[in-house]
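# Remarks on the overall topology
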Amino acid sequence: MKHWKYLLAAAFLVAAGTFVLAQGASEQKPKPKPAPANMFGFPSPELRQKPKTAVAPAPTPSVTATCRNTGSFDRWLADFKREALEQGISQRTLNAAGSQLTYEQSIINRDRGQRVFSQGFLQFSDRMAAGHRIKGGQAQIQKHAALFKRVEEQYGVPGPVIASFWGLETDFGGNIGNITTLPSLATLAYDCRRSDLFRKELLSALKIIQRGDLTPDQMIGSWAGELGQTQFLPAHYYDYGVDFDGDGKINLLRSTPDVIASTANYIRSLGWKQHEPWMHEVRVPARLPWDQADIAIKHPRSQWAAWGVRQANGQPLDADEKPASLLLPMGRLGPAFLVYENFGIFPQWNNSLTYSTTAAFLATRIAGAGPMSRGKEGLESLSFEEIRELQRLLVKRGYDVGKIDGIPGAATRAAVKDVQMQLKMPADSYPTPDLLNRLRGRQEAR
Ligand code: CA
């Protein structure tokens with residue numbers, strides 16, 4: 001589970017069509033037993049061949065460049081322990097955790113050594129929503145049918161949605177990480193880049209220990225402190241964890257009932273509406289008011305039907321009043337989805353729209369939807385460098401695109417849409433080579 005909205009303003013820039021991957025520097029030297037993939041990427045070359053979980057943007061270079069650690073770790077730790085006692089952590093818990101509250105340079109190296117590159121939606125979703133995850137999700141729902149049924153009755157969240165996150169995060173518990181959590185959290189809490197967030201997470205980890213859910217030695221997960229089969233940050237583990245097998249402990253590493261119910265409980269807390277859809281793949285006509293294809297714009301399904309949008313199988317849409325947005329992660333020539341109110345929980349889990357769209361799509365596949373349309377002929381994407389060039393050209397035309405970062409985020413997409421309208425191009429907000437060429441041409445003509 002990724003809550004980089006708390007970490008990085010830049011993460012908001014990650015948009016449909018491109019997904020930012022970041023890799024740890026540590027992967028330069030493969031280890032015999034590779035660390036599992038985690039939010040930041042694929043820590044070993046072997047795993048990079050079959051990436052298995054979500055990745056999120058690295059902290060922005062400006063954050064990295066401007067912050068500096070001052071004061072010793074020991075002094076920081078003494079201060080942290082004082083705060084922990086004030087917050088209700090007992091001396092006994094602190095003693096139990098004490099030997100693991102250490103500074104690990106390797107964690108800092110990983111955190112700071114991330115390289116960022118981008119990936120198109122189709123490429124990302126092909127890999128992440130791959131056949132083994134679709135079949136795996138269906139098999140898990142079948143294997144734990146009574147459990148999923150009980151969880152849906154209690155929390156209102158359907159099995160395929162839970163299974164999608166379960167598959168994307170850890171391949172259904174197969175890869176939950178092998179890094180001790182407390183040293184990671186202590187190190188990242190001491191480090192200047194996101195101290196406040198990780199200080200809170202470290203406190204939550206101590207609360208989990210104090211509640212008796214896990215011992216410090218059992219706390220093992222991803223290098224940035226995520227725990228369990230759906231990779232909860234400790235604060236969410238503490239707040240949303242459910243003891244569903246009734247053994248008195250919330251164990252999100254080993255107990256399938258606890259994992260499924262806790263994940264559903266968290267999804268419900270994000271606003272999931274029972275018996276409501278989240279996404280349908282659709283077909284779009286050749287002509288449409290493309291500027292309406294925007295995650296922030298909703299129309300009744302009847303309006304989309306009137307504009308010629310059809311179900312993926314070519315049948316007419318249900319022309320009812322249900323509000324829906326048209327999501328075109330690769331523009332008007334690429335795959336197309338109608339997304340509903342429930343889709344909103346996916347970007348709250350991970351605020352990359354590409355990850356969100358992939359997770360929502362995988363859930364539809366687990367629920368029985370067919371393969372995604374590959375899009376129409378002429379579907380082209382810009383590279384990371386080309387998007388940077390496009391952003392510079394947009395800035396020259398007076399647009400605010402946020403950072404020149406190679407990521408077509410919300411501001412870049414809004415500028416693209418506006419310039420497409422000016423140039424009388426289909427305004428689907430998707431940056432294409434054609435658009436870049438036109439902007440280059442105008443640049444030269446000046
Ligand atoms: Ca339990």
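Residue indices follow the written sequence of each chain, beginning from 1 at its first position. Reporting of local features is limited, given that this is a predicted model, to residues whose pLDDT is at least 70; pairs of side-chain atoms are given and counted only at 80 or more, and all residues count toward the totals for whole chains, interfaces and linings. With hydrogens and water excluded, all non-hydrogen atoms of the structure serve as input to the side-chain values.

A separate point is the overall build of the protein. The helix and strand inventory of the protein stands at 19 helices and nine strands. Residues counted as buried form 57% of the 446 residues belonging to the protein. For the protein, contacts bridging at least 24 residues in sequence account for 69% of all contacts bridging at least 6. Accessible surface for the protein amounts to roughly 18400 Å². Of this, 50% is attributable to carbon and sulfur atoms. Put simply, DSSP H or I for four residues or longer makes a helix, DSSP E for two residues or longer makes a strand, and each gets a number counted from the N terminus. Note on classification: 1.4 Å probe, protein chains only; a residue is buried when its accessible area is under 20% of the maximum for its type, exposed when over 50%, partly exposed between these limits. The contact criterion used is simple: two residues touch if any of their non-hydrogen atoms lie within 4.5 Å. Surface exposure here means Shrake-Rupley accessible area, sampled with a 1.4 Å probe, where a residue is shielded only by the protein chains that are shown.

So, about the packing of aromatic side chains. Each Phe, Tyr or Trp ring (for Trp, its six-membered ring) is paired with any other whose centre lies within 6.5 Å, and the angle between the two planes then decides the class: stacked below 30 degrees, edge-to-face above 60, tilted in between. Within the structure shown, the criterion is met by 21 aromatic pairs. On the numbers, 6.4 Å between centres and 75 degrees between planes, the contact of W272 with F346 is edge-to-face. Here F346 lies in helix 15 (residues 345–349) and W272 lies in the loop between helix 13 (256–269) and strand 5 (279–283), a separation of 74 residues in the sequence. Classification of W272 as buried rests on a relative accessible area of 7%. These aromatic residues form a ring-pair network of at least three members: F165, F232, Y240, Y266, W272, W278, F343, F346 and W349.

So, about the sheet that holds strand 8 (residues 323–327). Any two strands between which DSSP finds at least two bridges are classified as paired. If you walk across this open sheet you meet the five strands as 6-8-9-5-7, and the pairing is antiparallel. At either end of the open sheet lies a strand with only one pairing partner, and these are strand 6 (299–300) and strand 7 (310–311). The sheet contact formed by strand 5 and strand 9 (residues 336–339) spans four bridges and is antiparallel. Paired with H280 across the bridge in strand 9 is L338. Relative to strand 5, helix 16 (residues 353–366) is tilted by about 95 degrees, and along the sheet it contacts strand 5, strand 8 and strand 9. Each axis is a line fitted through C-alpha atoms, and for a helix only the stretch in contact is used; angles between axes span 0 to 180 degrees, taken between their N-to-C directions.

On to the side chain of D191, then. Following the sequence through the fold, D191 ends up in the loop between helix 10 (181–190) and helix 11 (195–211). A polar side-chain atom of D191 sits 2.5 Å from a polar atom in the side chain of R112. Ignoring any residue separated from it by four or fewer positions in sequence, one finds D191 in contact with N69, I108, D111 and R112. Polar contact is defined as a pair of N or O atoms within 3.5 Å, subject to the rule that within protein one atom must be able to donate a hydrogen and the other to accept it, and that residues adjacent in sequence are counted only when both atoms are side-chain atoms.

Turning our eyes to something else, we now look at the pairing of strand 9. Covered by surrounding structure in strand 9 are A336 and L338 together with F337 and V339, the residues of both alternating faces. Relative to strand 9, strand 8 runs antiparallel, the two being bridged by three bridges. In the strand pairing of strand 9, L326 is matched with L338.

On to the coordination of the calcium ion, then. Around the calcium ion, the protein contributes the donor atoms D243 (OD), D245 (OD), D247 (OD), K249 (O), D258 (OD) and D258 (OD), which lie 2.2 to 3.0 Å from the metal centre. For Na, K and Ca the donor cutoff is 3.2 Å, while for all other metals N, O and S atoms must lie within 2.8 Å; water is not among the atoms, so some sites may look incomplete. Metal sites are grouped by the angles between bound donors: all angles between 85 and 135 degrees with four donors is tetrahedral, opposite donors over 155 degrees apart with the others between 65 and 115 is square planar for four donors and octahedral for six, and any other pattern is irregular. One can describe the site at the calcium ion as irregular: its six donor atoms subtend angles covering 47 to 162 degrees at the metal. The sequence pattern formed by the donor residues of the calcium ion is D-x1-D-x1-D-x1-K-x8-D. According to the relative accessible area criterion, D243 is partly exposed, its value standing at 27%.

As a packed pair, helix 7 (residues 131–143) and helix 16 sit with axes 9 Å apart at the nearest point and diverge in direction by 60 degrees. Comparing the axis directions of helix 7 and helix 16 gives the class oblique. Crossing handedness for the pair helix 7 and helix 16: right-handed. Between helix 7 and helix 16, the contacting residues are R133, I134, G137, Q138 and I141 on the first element and L362, R365 and I366 on the second. Should an angle lie under 35 degrees it is considered roughly parallel, over 145 roughly antiparallel, and from 65 to 115 roughly perpendicular; all remaining angles are considered oblique. Note: crossing handedness is left-handed where the near helix turns anticlockwise from the far helix by less than a right angle, and right-handed where it turns clockwise.

On to unusual backbone geometry. Backbone geometry follows two general trends: most residues other than glycine have a negative phi, and most peptide bonds adopt the trans configuration. Positioned with a positive phi, K424 is a non-glycine residue whose angle comes to about 60 degrees. Structurally, K424 is set in the loop between helix 18 (410–422) and helix 19 (433–445). Even without a glycine there, the phi angle at S429 is positive, about 70 degrees.

Let us now look at helix 5 (residues 105–112). Where helix 5 is concerned, the buried positions are I107, I108, R110 and D111. Buried positions in helix 5, seen along its axis, are confined to an arc of 160 degrees and lie on one side of it. Elements in contact with the buried residues of helix 5: strand 3 (179–180) and helix 10. Throughout, the arc means that of the directions going from the helix axis to the C-beta atoms.

With that settled, the discussion passes to the pattern of salt bridges. A pair is scored as a salt bridge if a Lys or Arg side-chain nitrogen falls within 4 Å of a carboxyl oxygen belonging to Asp or Glu. Tallying each qualifying case throughout the model produces 18 salt bridges. The closest approach of N and O atoms between R82 and D79, which form a salt bridge, is 3.5 Å. Placement of the pair is R82 and D79 together in helix 3 (residues 73–86), with a separation of three residues, close to one helical turn. Here R374 makes a salt bridge to D126, at a shortest N to O gap of 2.9 Å. Placement of the pair is R374 in the loop between helix 16 and helix 17 (384–396) and D126 in helix 6 (residues 121–128), with a sequence separation of 248 residues. What emerges from the salt-bridge pattern is a single network uniting D79, R82, E83 and R199.

Turning next to the side chain of S356. Of note, S356 is situated in helix 16. Here S356 falls in the buried class, since its relative accessible area comes to 0%. In this structure the side chain of S356 is engaged in a polar contact, spanning 3.0 Å, whose partner is the backbone oxygen of N350. If near-sequence neighbours (up to four positions away) are discounted, S356 is found in contact with F343, F346, P347 and N350.

This paragraph deals with the confidence of the model for the protein. Scored from 0 to 100, pLDDT records how confident the predictor is in each individual residue. Per-residue pLDDT for the protein averages 85, and the proportion of residues at 70 or more is 83%. Below pLDDT 50 for its whole length, residues 3–62 participates in 203 contacts with residues either more than four positions away or in separate chains.

This part takes up the pairing of strand 5. Across two bridges, the pairing between strand 5 and strand 7 is antiparallel. Within the sheet, the bridge partner assigned to V282 lies in strand 7 and is Q311.

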